[in-house]
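Inside the fold
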Amino acid sequence: MSLRLDKLGVVIALLVAYGTLVAPFATFRANRIVPGEAKSILAALPVGAGVVLLGLMVVAAAIILLKTPALLRLAAAAVSLGAIALFIGLTATYLTPPENTYARVSPASGFWVLLFANALLAADSITRLRPRPGVRVLLLLATLAGATAILVSGLWDGLSILKEYAGRADVFWLEAGRHVALALGSLFASVVVGLPLGILCHRVEPLRAGVLNTLNLIQTIPSIALFGILIAPLGWIAVNVPGAAAIGIRGIGAAPAFVALFLYSLLPVVANTVVGLAGVPREANEAARGIGMTDRQRLFGIELPLAMPVILTGIRIVLVQNIGLATIAALIGGGGFGVFVFQGIGQTAMDLVLLGAVPTVVLAFAAAIVLDALIEMNTPSQNRGRTA
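What you see is a predicted model; the values in this text were computed from it and never measured.

For the pair helix α6 (residues 133-153) and helix α15 (residues 350-377), interaxial distance at closest approach is 8 Å and the crossing angle is 160°. On the basis of the axis angle, α6 is roughly antiparallel to α15. Crossing handedness for the pair α6 and α15: left-handed. Seen from α6, the contacting residues are Pro133, Arg136, Val137, Leu140 and Leu144; seen from α15, they are Val362, Phe365, Ala366, Ile369, Val370, Asp372, Ala373, Glu376 and Met377. Per-class residue counts for the contact of α6 with α15 are 11 nonpolar, no polar and 3 charged.

Here you go:
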């Protein structure tokens, strides 16, 4: 029996080979600002550990390269990701001189390439296995639990990003709360306003083009520009409207960030509501009319349930978009993980940038998986099979 190559596997195997053999695995710096010294896997780890990691990557590359069962590929990805996570923590212990509090050890490009390649392999394997939505959420929870266990164990405490966190733990969780509040609060407001507006646009056709064109125009304004545009009117409201400043409305801070995210969120919610309602089968509405259902009963009993997968797709777009855009809010004093990103850029401290960027990516990724599962659970089985 001849061995066959997997097309995507060839690309992933090349990435693994590059991350393992060419790119540096870790970077050592005498302090947090000076340029670093790149270290390969064998130089960044004790000899035995380096050989073990190289061996694991070679075996994983062989499994990836060939047309192997999806479950075996998923197992290879899981083992590789676990090994990469464990060994990057070991590099900090191995490279940092004893009792040196100034030295910094950071993941280098090879680590990030290996992480991306194996995450891509895991995603491809899960797609091939076609697990149920609940299983996908369980896999996400298992991954997050594994990462949490490593953090709690202290294995990564020597890494530069965790040293940055250690000095800012209280501020980190405060900004994390602000980031989540901005993303979820603006999402909730956009659903409360956008869902009725979408229903109205569906029912009143002359209104549809004007509303959607206006929202599309807002969507084209760059985020920083929109934040800036809102400073003047919200500042005027704070000064001239009694009680406005007391409830947090100001020219800078969370208020303009919230309003901007809300405005950006409206188009996906409204447009997807219109598309979802337009896609409801005409026969379903006629049958509902035939049994004497009122317009209100048809809306809540027939149209919205059938349109829900499309509406949830719009909500998914909004949530992932808002988690990312909330990072920019730090530029106008809105808080969030962007505080660390822009502080790190200003101080040329890339690990401080990662302290804000990594949680943002994890939040967006987790939100996408959960909402994808929710969309699939609300999709009729015949449509699910058609789209698979």
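Once that is clear, we can look at the environment of Pro268. Here Pro268 shows up in helix α11 (residues 254-278). Expressed as a C-alpha distance, the spacing of Pro268 and Gly334, which sit 66 residues apart in the sequence, is 23 Å. Once you skip the residues sitting within four places of it in the chain, Pro268 turns out to touch Gln219, Gly314, Ile317 and Val318.

Per-residue confidence for the protein gives a mean pLDDT of 87; residues scoring 70 or more make up 97%. Within the protein, no element has a lower average pLDDT than helix α16 (residues 381-387), which sits at 48, and none a higher one than helix α5 (residues 109-129), at 93.

A few words on the packing of helix α10 (residues 223-240) against α11. Two elements in contact, α10 and α11, have axes whose closest approach is 9 Å; the angle formed by their N-to-C orientations is 125°. Between α10 and α11, the crossing angle belongs to the class labelled oblique. Along this stretch, α10 crosses α11, giving a crossing that reads as right-handed. Contacts between α10 and α11 pair Ser223, Leu226, Phe227, Leu230 and Leu234 from the former with Ala255, Pro256, Ala257, Val259, Ala260 and Tyr264 from the latter. In terms of residue class, the contact of α10 with α11 is made up of 10 nonpolar, 1 polar and no charged.

Scanning the entire structure with this criterion turns up 12 salt bridges. The residue Glu175 makes a salt bridge to Arg178 at a minimum N-O spacing of 3.2 Å. With Glu175 and Arg178 both in helix α8 (residues 169-203) and 3 residues apart, this pair spans about one turn of that helix. For Glu175, a relative accessible area of 7% puts it in the buried group. Note that Asp295 is salt-bridged to Arg298, the shortest N-O span being 2.2 Å.

The backbone of Arg130 sits at a positive phi, close to 50°, despite the residue not being glycine. Mapped onto the secondary structure, Arg130 falls in the loop between α5 and α6. Judged by its relative accessible area of 61%, Arg130 falls in the exposed class.

Further remarks concern the sheet that holds strand β2 (residues 37-39). Spatial ordering of the open sheet is given by β2-β1-β3, a layout of 3 strands whose pairing is antiparallel. At either margin of the open sheet sits one strand with a lone partner, and together these are β2 and β3 (104-107). Across the sheet, the axes of successive neighbouring strands diverge by a mean angle of 25°, strand direction being ignored. Here strand β1 (residues 26-29) runs beside β2; their pairing, made up of 3 bridges, is antiparallel.

Under the definition given, this model contains 6 aromatic pairs. Note on Phe25 and Phe111: the rings are 6.2 Å apart at their centroids and 70° apart in plane angle, and the pair reads as edge-to-face. Of the two residues, Phe25 sits in the loop between α1 (7-22) and β1 while Phe111 sits in helix α5, which places them 86 residues apart along the sequence. With respect to class, Phe25 is no different from Phe111; both count as buried. With a centroid separation of 5.1 Å and 90° between ring planes, the pair formed by Phe172 and Trp173 is classed as edge-to-face.

When cut into domains, the protein gives domain 1 (7-130) and domain 2 (169-387). Domain 1 puts 5 residues into the contact, and the matching count from domain 2 is 6 residues. Contact between domain 1 and domain 2 buries roughly 430 Å² in total, counting both sides, with carbon and sulfur atoms accounting for 43%. Together, Arg32, Ile33 and Trp112 form the three largest contributors to the area buried by domain 1 at its contact with domain 2, with a combined 76%. Ionic pairing is found between Asp351 and Arg29, a salt bridge with its closest N-O pair at 2.6 Å. Across the domain 1-domain 2 interface, the total number found is 2 residue pairs in polar contact (both at pLDDT 80 or more). Of the residues belonging to the side of domain 1 that touches domain 2, the class tally is 2 nonpolar, 1 polar and 2 charged.

Cut-offs used in this document
Residues numbered from 1 in each chain as written. Predicted model: local features only at pLDDT ≥ 70, side-chain atom pairs only at ≥ 80, totals over all residues. Heavy atoms only, no water. Axes fitted to C-alpha atoms, helices over the stretch in contact; angles between N-to-C directions. Helix = DSSP H or I, 4+ residues; strand = E, 2+ residues; numbered from the N terminus. Parallel < 35°, antiparallel > 145°, perpendicular 65-115°, else oblique. Left-handed = near helix turned anticlockwise from the far one by under 90°. Contact = heavy atoms within 4.5 Å. Nonpolar A, V, L, I, M, F, W, Y, C, P; charged D, E, K, R; others polar. pLDDT = per-residue confidence, 0-100. Salt bridge = Lys/Arg side-chain N within 4 Å of Asp/Glu carboxyl O. Buried < 20%, exposed > 50% of the residue type's maximum accessible area, 1.4 Å probe, protein only. Pairing = 2+ DSSP bridges. Phe/Tyr/Trp six-rings, centres within 6.5 Å; stacked < 30°, edge-to-face > 60°. Domains from an automatic or database assignment. Buried area = accessible area lost by both parts, 1.4 Å probe. Polar contact = N/O pair within 3.5 Å; in protein donor to acceptor, adjacent residues only side chain to side chain.

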